[in-house]
Amino acid sequence: METVILAVVIAVVVLGALGGLIVGSRRKKPLPPPPPAAPDITAPPAEPHIGDEAETPRDEPRRTIEEVDLPDGSAPAAVEEPPVVEELPPTEIEVPEPTAGRLVRLRARLSRSQNTLGKGLLALLSREHLDDDTWEEIEDTLLTADVGVQPTQELVDGLRERVKVLGTRTPQELRGLLREELLKLIGTDMDRVVKTEPEGRKPGIVMVVGVNGTGKTTTTGKLARVLVADGNSVVLGAADTFRAAAADQLQTWGERVGAYTVRGPEGGDPASVAFDAVKEGKEMGSDVVLIDTAGRLHTKTGLMDELGKVKRVVEKHAPLDEVLLVLDATTGQNGLVQARVFAEVVDITGIVLTKLDGTAKGGIVVAVQRELGVPVKLVGLGEGADDLAPFEPEAFVDALIGE
Ligand SMILES: Nc1nc2c(ncn2[C@@H]2O[C@H](COP(=O)(O)OP(=O)(O)OP(=O)(O)O)[C@@H](O)[C@H]2O)c(=O)[nH]1
Ligand SMILES: [Mg+2]
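Residues numbered from 1 in each chain as written. Chains lettered and ligands numbered in written order. Predicted model: local features only at pLDDT ≥ 70, side-chain atom pairs only at ≥ 80, totals over all residues.

## What to know about the sheet that holds strand β1 (residues 204-209)
Short version of the rule: At least two bridges found by DSSP between two strands is the condition for calling them paired. A helix here means a DSSP run of H or I that spans at least four residues, while a strand means a run of E at least two residues long, and both kinds are numbered starting from the N terminus. Axes, fitted as lines to C-alpha atoms, cover a helix only where it is in contact. Angles between the N-to-C directions of the axes lie from 0 to 180 degrees. C-beta atoms are first placed from the backbone for all residues, and any pair lying within 7 Å is then listed as a contact.
Reading across from one edge, β3-β2-β4-β1-β5-β6-β7-β8 is the order of the eight strands in this open sheet, with mixed pairing throughout. Edge positions in the open sheet fall to β3 (260-262) and β8 (388-390), since each of these has one partner strand only. Averaged over all neighbouring strand pairs, the angle between strand axes comes to 25 degrees, with direction disregarded. Examined bridge by bridge, β1 and strand β5 (residues 322-328) share four bridges and lie parallel to one another. Bridging across to β5, Val-206 finds its partner in Glu-322. Relative to strand β2 (residues 234-239), helix α8 (residues 244-257) is tilted by about 170 degrees, and along the sheet it contacts β2, β3 and β4 (288-293). Sitting on the sheet, helix α12 (residues 364-372) touches β5, β6 (350-354) and β7 (376-380), and the angle it makes with β6 is about 155 degrees.

## A short note on helix α10 (residues 303-314)
Put simply, the rule reads: Each residue after the first adds 1.5 Å to the expected span of a helix.
An ideal rise of 1.5 Å per residue puts 16 Å on twelve residues; α10 measures up with 16 Å between its terminal C-alpha atoms. Elements in contact with the buried residues of α10: β1, β2, α9 (270-284), β4 and α11 (333-345).

## Considering the pairing of β7
Convention followed: Labels follow a simple rule on C-beta atoms placed from the backbone: if 20 or more others lie within 10 Å of a residue's own, it is buried; if 12 or fewer, it is exposed; otherwise it is partly exposed.
β7 sits mainly inside the fold: five of its five residues count as buried. Examined bridge by bridge, β6 and β7 share three bridges and lie parallel to one another. Bridge pairing in β7 places Ile-351 opposite Val-376. As paired elements, β7 and β8 share three bridges and run antiparallel to each other. Opposite Val-379, over in β8, you have Ala-389 as the bridge partner.

## Regarding the site of ligand 1
Note the cut-off: All residues are tested the same way: a C-beta atom is placed from the backbone, and lying within 6 Å of a molecule or strand makes the residue near it. Gly is placed with the polar residues, together with every amino acid not listed as nonpolar (Ala, Val, Leu, Ile, Met, Phe, Trp, Tyr, Cys and Pro) or charged (Asp, Glu, Lys and Arg).
Close contacts around ligand 1 come from 19 residues, with Asn-212, Gly-215, Thr-218, Gly-295 and Gly-380 the closest. It is helix α7 (residues 216-229) that provides the largest number of residues to the shell around ligand 1, a total of three residues. Of the residues that constitute the shell around ligand 1, the class distribution is two nonpolar, eleven polar and six charged.

## Description of helix α6 (residues 171-186)
Since there are 3.6 residues in each turn of an α-helix, residues three or four apart along the chain are aligned in direction. This is how the line gets drawn: By construction, the arc corresponds to the directions joining the helix axis to the C-beta atoms.
For α6, which comprises 16 residues, the first-to-last C-alpha distance of 22 Å matches the rise-based estimate of 22 Å (1.5 Å per residue) to within 8%. Among all positions in α6, only Leu-174, Leu-178, Glu-181, Leu-182, Leu-185 and Ile-186 are buried. Along the axis of α6, the buried positions cluster into a sector of 135 degrees, meaning they face one direction only. On its buried face, α6 is in contact with α3 (111-125), α5 (149-166), α12 and α13 (393-401).

## Some details on the confidence of the model for the chain
As a reminder, the rule being used: As a per-residue measure, pLDDT tells how confident the predictor is, with possible values from 0 to 100.
Of all residues in the chain, 76% have pLDDT values of 70 or greater, and the mean over the chain is 81. The model gives residues 11-77 a pLDDT under 50, and that stretch makes 53 contacts with residues more than four places away or in other chains.

## Considerations on the packing of helix α4 (residues 132-144) against α5
Applied cut-off: Left-handed is the label given to a crossing in which the near helix is rotated counterclockwise from the far helix by less than a right angle, and right-handed is the label when the rotation is clockwise.
Relative orientation of the contacting elements α4 and α5 amounts to 145 degrees, with a least axis distance of 10 Å. Regarding α4 and α5, the two cross each other, and that crossing is right-handed. Residues Trp-135, Ile-138, Glu-139, Leu-142 and Leu-143 of α4 lie in contact with α5, whose contacting residues are Thr-152, Leu-155, Val-156 and Arg-160. By residue class, the composition of the contact of α4 with α5 is six nonpolar, one polar and two charged.

## Quick word on the nonpolar core
Going by this rule: Nonpolar core, as used here: buried Ala, Val, Leu, Ile, Met, Phe, Trp, Tyr and Cys residues forming one set through C-beta atoms within 7 Å. Each domain's extent is set by a domain assignment, obtained either automatically or from a database.
If you look at the biggest cluster of nonpolar residues, it comprises 89 residues, and the most contacted ones within it are Ala-224, Ala-274, Leu-290, Ile-291, Val-314, Ile-351 and Leu-353. Broken down by element, this core gets its largest block of residues, seven residues, from α9. Counting residues domain by domain, this core receives three or more from each of domain 1 (104-186) and domain 2 (204-395). In contact with Ala-224, not counting residues within four places along its chain, are Val-234, Leu-236, Trp-253, Gly-254, Val-257, Ala-259 and Leu-290.

## Structural notes on the packing of α7 against α8
Cut-off, in case you're wondering: Oblique is the label for any angle not covered by the other classes, which are roughly parallel (under 35 degrees), roughly antiparallel (over 145) and roughly perpendicular (65 to 115).
Interaxial distance between α7 and α8 falls to 9 Å at its minimum, and their mutual angle equals 15 degrees. Our classification of the angle between α7 and α8 gives roughly parallel. The crossing of α7 and α8 is right-handed. Two secondary-structure elements touch here, α7 through Thr-217, Thr-220, Gly-221, Ala-224, Arg-225 and Val-228 and α8 through Ala-246, Gln-249, Leu-250, Trp-253, Gly-254 and Val-257. Split into classes, the residues belonging to the contact of α7 with α8 amount to six nonpolar, five polar and one charged.

## Looking at the pairing of β5
Going by this rule: Here a crossover is taken to be right-handed if, once the strands point away from the viewer, the path from the first strand over the helix to the second is traced clockwise.
Most of β5 sits inside the fold, with seven of its seven residues counted as buried. With burial as the criterion, each face of β5 is covered, one bearing Glu-322, Leu-324, Val-326 and Asp-328 and the other bearing Val-323, Leu-325 and Leu-327. As judged from the five bridges shared by β5 and β6, these two strands associate in the parallel manner. The residue bridging Val-326 from the neighbouring strand is Val-352, located in β6. Following the backbone out of β5, through α11 and into the adjacent parallel β6, one traces a crossover that is right-handed.

Shown next, in the form of structure tokens:
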């Protein structure tokens, strides 16, 4: 009898232990796959709260280039790192070019703006008789280069006045005048530094916005390189969930310089991806989080509503340090209309003008700053990884009018 009881007891113990093992191993399984992609557009916008981020699948090994200490006690048991060691490909981390003097190095890329705007103006100003027709041609040149009506008027008035005072003119004097007047239009006293180092906290948070195809993702990738080159650790947030390829594109940029990319399911909530990216940046002790956003949407929610929401949700962590509006310089006046719309929803703090290489419309720099009252901080001068330059008015004008 005793043996029977003993057997039963042993059986119960063994079964219990097995059950425990099963439960235990289930707990160790990776987080469940993402929910189906179709978002419920009728539901009121649900803003993520602290803790919601656990729902975002961590579906990729973390590719950090260094060990990062999590803050004490903040690592919840549920977040289990997959064993990444053998999965890491032998990624070669690139060392980006330094940013100093990039605009000067890339000046030849401005050749079309240089010919129409800079050289065109100089040629006109060098005419023996500066009659009304010539001044009209000067005006047309400026308007064609997208300088904008009001700034064009100011520049022509300023030049007319100074040329009159000057009397006879040498080419050197004319170049000097034009240089000064162009610089006056562009402005030399604006703060064009991309703010990534907020006081007393980390990480700096930068959001990149703009309509589709302007160069947001490319710019985010190039900016990550610039920051890494300057010694910062960077986390990228793929808040363009419109298509998986968008996140892949960003992640590829990140991997080249060893920046980790936070992404969500295709069609998922961009705001929660952005929220998670900043959370991750905090946990990893990163210096900067760059958030790439969509230029168009899955849902019927307006792009602007969505951007507003991304901004609000990210600001549950901390205020955004920069909101960069990316504008395609080749689209001219269209870009200005876009700028106005974006500025109403998110406070734009800086403009990135892309595709300035090969366009004659370099004057858009002036027009867009006027439109928004916000400085151009970066310019895109090509598709290459390091073809993004800090915008320096002097170097820009010198490139336009030659030396
Ligand atoms: N020539 C030139 N091409 C650029 C520049 N910046 C971006 N591009 C190109 O513009 C195209 C679109 O760039 P993306 O970065 O994908 O644009 P996006 O705004 O992220 O587009 P969506 O994600 O569709 O909204 C790419 O082919 C880029 O290589 C630039 O400064 N000069
Ligand atoms: Mg993109």
